[in-house]
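Below, each chain spelled out in residue letters.
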Amino acid sequence: MSLALQAYIIVNLILASWVVFLLVWIFAAFGNKQPRELEPLGQRLSYTILIWIGAILLFAPLDTRIYPLNVPVIPHDPVLGWLAAALVLLGLALAFWARATLGRNWSGSVQVKEGHELVTKGPYAIVRHPIYTALLIMVIGTILVVANLGAVLALPITAAGFIIKLLAEERTMRRQFPDAYAAYATRVKRLVPFVW
């Protein structure tokens, strides 16, 4: 298989994975439990803006990027490309598993649902925020293929957005489930198993 064909397959596999993720996420949002408590707009903007900046840096067409964001910093290599695609698919699978495990408790913003449950099984027994772990794995895989400085900068910016959001979620869960969440947090790390 030629290098050009491999690159074409890898890029399209990664893009298709992100499209599938977005479509599933949008359609899965219907039928969730009704919110009982919503987060303030300022809090929501504090992480949403960072996540959007990260997405723009990661997915903006190369010809619209300005110097030095368009400078290549990772060599293009077919083996690295296939590893990148595998990471994106792994992240996608983890995100779907975590989303299915949360069921109707999921929401795109920090909120308490009617009849909210503390979910600690499945991927939530491995890390407390497996959806963010999954998305960061997908971002890393995508960075390896986009391979320029703008894409690399997307990782810390996106991670900062997820960390701001997960800290807000944890404050909400500690308020909602004070004893159970405290015990859960002592057993299970936030984003990286056995690390943090």
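Residues numbered from 1 in each chain as written. Predicted model: local features only at pLDDT ≥ 70, side-chain atom pairs only at ≥ 80, totals over all residues. Heavy atoms only, no water.

## With respect to the packing of helix α1 (residues 3-28) against helix α4 (residues 130-146)
Think of two packed helices as two axes; the pair is described by the angle between the axes and how far apart they sit.
Stage number 1. Axis separation between α1 and α4 bottoms out at 10 Å; the angle between their running directions is 155°. Relative to α4, the element α1 is oriented roughly antiparallel. Here α1 and α4 pass one another in a crossing that is left-handed. On α4, the residues touching I10, V11, I14, S17, W18, F21 and W25 of α1 are I131, L135, M138, V139, G141, T142 and V145.
Stage number 2. Within the contact of α1 with α4, the residues separate by chemical class into eleven nonpolar, three polar and no charged. (Axes fitted to C-alpha atoms, helices over the stretch in contact; angles between N-to-C directions. Helix = DSSP H or I, 4+ residues; strand = E, 2+ residues; numbered from the N terminus. Parallel < 35°, antiparallel > 145°, perpendicular 65-115°, else oblique. Left-handed = near helix turned anticlockwise from the far one by under 90°. Contact = heavy atoms within 4.5 Å. Nonpolar A, V, L, I, M, F, W, Y, C, P; charged D, E, K, R; others polar.)

## Focus on helix α2 (residues 41-59)
Stage number 1. Counted at 1.5 Å a residue, the expected span for α2 with its 19 residues is 27 Å, and the 26 Å between its end C-alpha atoms agrees.
Stage number 2. Regarding α2, the residues found buried are Y47, G54, L57 and L58.
Stage number 3. Its buried side turned inward, α2 meets α4 and α5 (149-176). (Expected span 1.5 Å × (residues − 1). Buried < 20%, exposed > 50% of the residue type's maximum accessible area, 1.4 Å probe, protein only.)

## Brief notes about the pattern of salt bridges
Stage number 1. Using the criterion set out here, one finds four salt bridges in the structure.
Stage number 2. E170 is paired through a salt bridge with R128; the nearest N and O atoms lie 2.8 Å apart. Residue E170 is located in helix α5, and its partner R128 is located in the loop between β2 (111-113) and α4; the two are separated by 42 residues in the primary sequence.
Stage number 3. Each of R128, E170 and R190 takes part in one network of salt bridges that share partners. (Salt bridge = Lys/Arg side-chain N within 4 Å of Asp/Glu carboxyl O.)

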